[in-house]
Amino acid sequence: TCFTTPPMGYVADNTDCDDSKFTVNASVVEICNGIDDNCDGMIDEGLTVTSYYIDLDGDGFGSAMNTGTVQLDTCLILAPEGYAPNNYDCNDNDPNIHPDAPEVCDGIDNNCSGSINDGIARFVYYFDNDNDGFGDFSVALDTCTTSPPDDFVNNELDCNDEDANINPNAS
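Everything in this summary refers to the structure shown in the same document.

Quick notes on the rules
- Residues numbered from 1 in each chain as written.
- Predicted model: local features only at pLDDT ≥ 70, side-chain atom pairs only at ≥ 80, totals over all residues.
- Heavy atoms only, no water.
- Disulfide = S-S within 2.5 Å.
- Helix = DSSP H or I, 4+ residues; strand = E, 2+ residues; numbered from the N terminus.
- Buried < 20%, exposed > 50% of the residue type's maximum accessible area, 1.4 Å probe, protein only.
- Pairing = 2+ DSSP bridges.

## With respect to the state of the cysteines
Where two cysteines share a covalent bond between their sulfur atoms, that bond is called a disulfide.
Then, number 1: Per the stated rule, a full pass over the model turns up four disulfides.
Then, number 2: In this model, C17 is linked to C39 through a disulfide, with the two sulfur atoms separated by 2.2 Å. One disulfide, between C17 and C39, carries an S-S torsion of -75 degrees and so falls in the left-handed class. Residue C17 is located in the segment before β1 (50–54), and its partner C39 is located in the segment before β1; the two are separated by 22 residues in the primary sequence.
Then, number 3: Here C105 engages in a disulfide with C144; their sulfurs sit 1.8 Å apart. Disulfide C105-C144: the torsion about the S-S bond is 95 degrees, which places it as right-handed. Separated by 39 residues along the polypeptide, C105 in the loop between β3 (83–84) and β4 (123–127) and C144 in the loop between β5 (136–143) and β6 (152–153) bring together distant segments of the chain.
Then, number 4: By relative accessible area, C105 is classed as partly exposed at 35%.

Encoded structure:
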């Protein structure tokens, strides 16, 4: 056209990449929304990207160890539902196992420290084959349970665990 002023509904440049959206044009600031807001050909550029990890058990800890685990890299400030901002969970299928869980005597690494039953008192019990109250030093059980299981005692004083009449209290 030979007009010096654009007609109604027209502008003098063609920098708008999506004329159907008022919030998308070359003069806006890019925001985190998965759209090229400022028409520079890049999506969400210049924004801080955070990695979130799928949290299958909902305990607030994600895991990069599970088969099929999804890592989501996004500019969102908060983790989307079902994701966590870390990958510290050593068992993402059990909400009672995570780095903040208390360690309990169960033979499982409840707090993801890499050790089983760490920080819990240990006890050694000895097998009492002849049930005379005295155990065999060669058959020991190391555990965190405070009382001996059936057929075990808390001493290793039996010199013959095949005969109940032979023990430290026998005459």
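Having seen it, we continue.
## A word on the pairing of β1
Then, number 1: Strand direction decides the pairing type here: β1 and strand β2 (residues 71–74), joined by four bridges, are antiparallel. Pairing of Y53 across the sheet is with Q71, part of β2.
Then, number 2: Pairing between β1 and β3: two bridges, direction antiparallel. Paired with Y53 across the two strands is A84, which belongs to β3.

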